[in-house]
Every structure is written in C-alpha cells, then in structure tokens.
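Coordinates in review
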Amino acid sequence: VKGFFHLLSSRQFKELLLDFQPVGTEDVSLDSALCRVAAEDIHAPEDLPPFSRSTMDGFAVRARDCFGASESEPSLLSVIGDIRMGTVPEGLAIGPGQAARIWTGGMLPPGADAVVMLEYVREIAPGVIETFRAVAPGENVIEKGQDCQADALVVRAGSRLRPQELGVLAGLGITEVRVRKRPLVAIISTGDELVPIEQSPSPGKIRDINSTTLSALAQEDRCGVVRMGIVDDSLDHMLNACAQALDKGADVVLVSGGSSVGNRDFTLRVFESIAGCRVLAHGVAVRPGKPTLLARTGNRALFGLPGHVASAMVVYQVFVRYLLSVLQGTDPEKGSLRIMAQCAEPFPSATGREDYVRVALDRSAFETGGSGITCPAARPVHGKSGLISTLVKSDGLLVIPRDSEGLHRGEYAEVIIFQ
Ligand code: AMP
Ligand code: MG
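Predicted model only: the values in this text are computed from it and were never measured.

Bringing unusual backbone geometry into the picture now. Here the residue pair Leu48 and Pro49 is connected by a cis peptide bond, since its omega of -10° sits within 30 degrees of zero. By the element assignment, Pro49 lies in the loop between strand E2 (42-43) and strand E3 (53-54). Across the junction of Arg287 and Pro288, the peptide omega takes the value -5°, indicating a cis bond. Along the chain, Pro288 falls in the loop between strand E19 (286-287) and strand E20 (293-297). One non-glycine residue, Cys35, adopts positive backbone phi at about 70°. Among the structural elements, Cys35 can be located in the loop between strand E1 (25-29) and E2. According to the relative accessible area criterion, Cys35 is buried, its value standing at 19%. A positive phi angle, near 55°, is found at Arg222, a position not held by glycine. Among the residues examined, Arg222 registers a relative accessible area of 28% and is labelled partly exposed.

See the structure below:
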C-alpha cells in the first residue's frame, strides 16, 4: 500500500479553501431571503422610525415643564388635545405648561420632547392634569431615526439574514435583497458494496448512508443538492459521474469512498483524469478524516471523502462547510457554533494531528470556580468511525489541537456543536 505523499495540516488545507471565490448573486424577495447571505452592504434609505413616537400611553410634554415634579409638588399642565394614532398631530404644538394625550406608537407633536405615563397623571379638572413624576427629555419616546438613521449601514455584506435582519429591512421598506446564489453540491457515493436505501441488501452489501447524511448537511448549509446516486468502484464510472455532476453546474462535488491509497481506491485517479482539474491535497492530518482529497477545476471543488460514515460527516463539518462559507461570502471561521466545554474524562491524542472527538455534552456537570456559572462537560462517545450511531449519540465534536498529546479530565476544549 502506498503511503500518503504529503499530509497537510488542517490550517494548510483551509488555506487552499480560502482561495476559492464567492459564487454569483441573485435578487430575492424578502420573504424568501431567510438564511441567505447578503451579497452587498445595505444602507437605510430613510430614517427608522420616520418620526418620533411615544412608547407609552400618556401625555406628550416638554420635559422641562415637569422638572422636579413629585407627589408633594406636582406639575400642572393644560391638555390641548388628543393625538390620534396613525395621524399627524396638526395644530397641536406643545407650548410651556401644555400637554397632549398620546398613545403608544403615536406621533410626538412639535414642542414635546417626552411622554409622561398615564399612571403618573391625575386629571384634576376637565382639560387640566397634574403629574407627580419628572421625566427626562427623550423619556418614553423613540426618536426619529433612533432604530437606524438614513444612510446608516444596516446589513453588512457577508452576513446571513436572520429574522431580525429581515425585520429591519421590512421596517425600511426594502422588499428585495441581493444575496449569494446557493452553491450547488453534487453527491456521489462509491463502492461495489453499496445499494440504494430502498433495496434490501443481498449478503455482503450495505445500504448507502453517505448520500443521505451528506445531502442533509448540505441542506443545513442552504445549498442546492444534486444526488448522483451510487457508482461502483470503477475509474470510468466514477469519472463519468463526476463529469455529469460538473455538467449539472455543481460548485462542489462530494465523492465519498475510495479516497485512500489502496488498489481499489480510485478517487485520486478520477480527479487526476478530469480535464483541467488539479489535485491540491491528498491526506490531511486530522482524525478521523486523514484520507481526504481536494481537487479544483476553475472555481469548482471536488472532495474525496472517506467512506466511513462518521469520517465523511466529520470531514464535511470541518472542511466542506468551511468551503461553502467561502463560496457564500461569509466568514468561514464562524461557519459552525463553537463552545467551550470541560473534559469529563481524559481525551488521549497524539501530536501531529488534529482530533475531532465525537462527544455528548452534559450541560450541568461542572461548576466553574464556585461562581455558579456552569460549563458543559464533554464525554467521549466511543466507537469506530464506521458507526453512524456514534453521531446520533453526540452533540458535537471536541477539537484536540495538533500539538496536544491529549487532554486531562477537567481541561477545557472547544466543541463544534452540531446544528
Ligand atoms: P472506503 O473509503 O471506500 O474504503 O470505505 C470505507 C468504509 O466505508 C467501507 O466499509 C465502506 O463500505 C463504507 N462506506 C463507503 N461508502 C459508504 C456509504 N455511502 N454508506 C455507508 N457506508 C459506506
Ligand atoms: Mg470503497
């Protein structure tokens, strides 16, 4: 068996991925923009809110008229009118000693700079109130432009649009956004032993798990998915499947199985045989996932993933997801949620490789330094990387750095949380 020619560190592998360019853009309506990535900076076309509004039911006043007001020395004000919701308070300028009734969301009249809550006001005669609470200028008021000012940057290029980003765009009347196209991910499972999941495998065969897990992961990353099905261990058939995937416009082709250096492992030769395709990496110093291949043609990437079901998923989460971030123009270091956890047991490792250990988190196991703040404890889920059930039992992947010989019980480590 040939060895790997040259193992890259995970850092070196990611640097190859950083070299890819973001995919093109498209304009989508706000309603279908959730979780898409903004392709350009978005500035507010106007002030939000467009006028100063009350946040309480009460009376619009000049704050200075209520200065020092208290139970024993209330301020006396004359009520000059009632501000109807959704209208402009015409002719209701608040002069010294005056107030106007206002409701939550109503437009502050000229002259007023604060709202006294209804609870702090007594009507002592028709049209005359006294307030026994002082208010500061701006109290109980959202100023015009306080949410965002005209021309302010409200959404940065490269940010993923969450409900709150969509909300601010809605408030500003922006009904369409320019977003990155969804990268298209093609999925190819290889192996003479694989059968489609609808079939009951004859002796010696197993059902194809990777097509399902990898396409689900790509869906989590809001990518388009095209499934190329199962291909047997044959150079020609694999080459044909890759060519078809590229023909269909795949930005990323995931070939699982056959990525190692055995005689029946064809992926390297397949990638080398694709016209215009360069193999950038074969072998990366991570565990699981060492037999990972990366090739590139134009701005399209082809990954050779290990066939073992857990390894394929780990390599996806560590490297494929990273590339999909780059292709979508988001910060790839923020592609997955990472938290700190404390090791509930020792985690052995060896230097020279990065370990991604499947872990279950126990959210209340450790209390840090008597502070009352708890840090989740990470417990390894033991099992071979061919066992999909290990991932079912896991909450994430604990990262043991390259230089570490392992972690002691109680040590802190980073855990990549599964979405
Ligand atoms: P390979 O990387 O091709 O040597 O495959 C490693 C192991 O993963 C073998 O036991 C394969 O049978 C298994 N394997 C490969 N592809 C899949 C798949 N799509 N679903 C389930 N197991 C697979
Ligand atoms: Mg195989």
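That shown, we press on.
By volume, the largest pocket amounts to about 610 Å³. Together, 35 residues line the largest pocket, and Gly257, Pro306, Gly307, His308 and Val309 are the ones closest to its centre. Of all the elements in the fold, those that place two or more residues in the lining of the largest pocket are strand E15 (206-207), E19 and helix H6 (309-327). In terms of residue class, the lining of the largest pocket is built from eleven nonpolar, 15 polar and nine charged. The volume enclosed by the second largest pocket comes to roughly 450 Å³. As for the second largest pocket, its lining consists of 21 residues, and the residues nearest its centre are Gly158, Ser159, Arg160, Thr330 and Lys334. Of all the secondary structure elements, the ones that give two or more residues to the lining of the second largest pocket are helix H2 (163-171) and H6. Looking at the lining of the second largest pocket, the element that brings in the most residues is H6, giving three residues. Tallied by class, residues from the lining of the second largest pocket come to five nonpolar, seven polar and nine charged.

A separate point is empty space enclosed by the protein. Unoccupied space between atoms shows up once a probe the size of one water molecule is rolled over them. A complete count under the given rule lists one cavity of 30 Å³ or more for this structure. The volume enclosed by the largest cavity comes to roughly 80 Å³. In this structure, the largest cavity is lined by Lys14, Gln317, Val318, Arg321, Tyr322, Pro332, Glu333, Gly335, Ser336 and Arg338. Partitioning the lining of the largest cavity into residue classes produces three nonpolar, three polar and four charged.

Right, let's talk about the nonpolar core for a bit. Counting 39 residues, the largest nonpolar core has Phe13, Leu254, Phe303 and Phe319 as its most contacted members. Mapped onto this core, the elements with two or more residues apiece are helix H1 (10-18), strand E13 (184-190), helix H3 (210-220), strand E17 (252-256), strand E21 (300-305), H6 and strand E26 (396-400). Looking at which element gives the most residues to this core, the answer is H6, with 14 residues. With sequence-adjacent residues up to four places away left out, Phe319 is seen in contact with Ser10, Phe13, Lys14, Leu17, Val284, Val286 and Phe303.

Parameters at a glance
Residues numbered from 1 in each chain as written. Chains lettered and ligands numbered in written order. Predicted model: local features only at pLDDT ≥ 70, side-chain atom pairs only at ≥ 80, totals over all residues. Heavy atoms only, no water. Helix = DSSP H or I, 4+ residues; strand = E, 2+ residues; numbered from the N terminus. Buried < 20%, exposed > 50% of the residue type's maximum accessible area, 1.4 Å probe, protein only. 1 Å grid on protein atoms, 1.4 Å probe; cavity = no way out; pocket = protein on both sides within 12 Å on 5 of 7 lines; lining within 4 Å. Points joined across faces, edges and corners; volume = space filled by probe spheres on them. Nonpolar A, V, L, I, M, F, W, Y, C, P; charged D, E, K, R; others polar. Core = buried A, V, L, I, M, F, W, Y, C linked by side-chain atoms within 4.5 Å. Contact = heavy atoms within 4.5 Å.

Nothing here speaks to function; it is all geometry.
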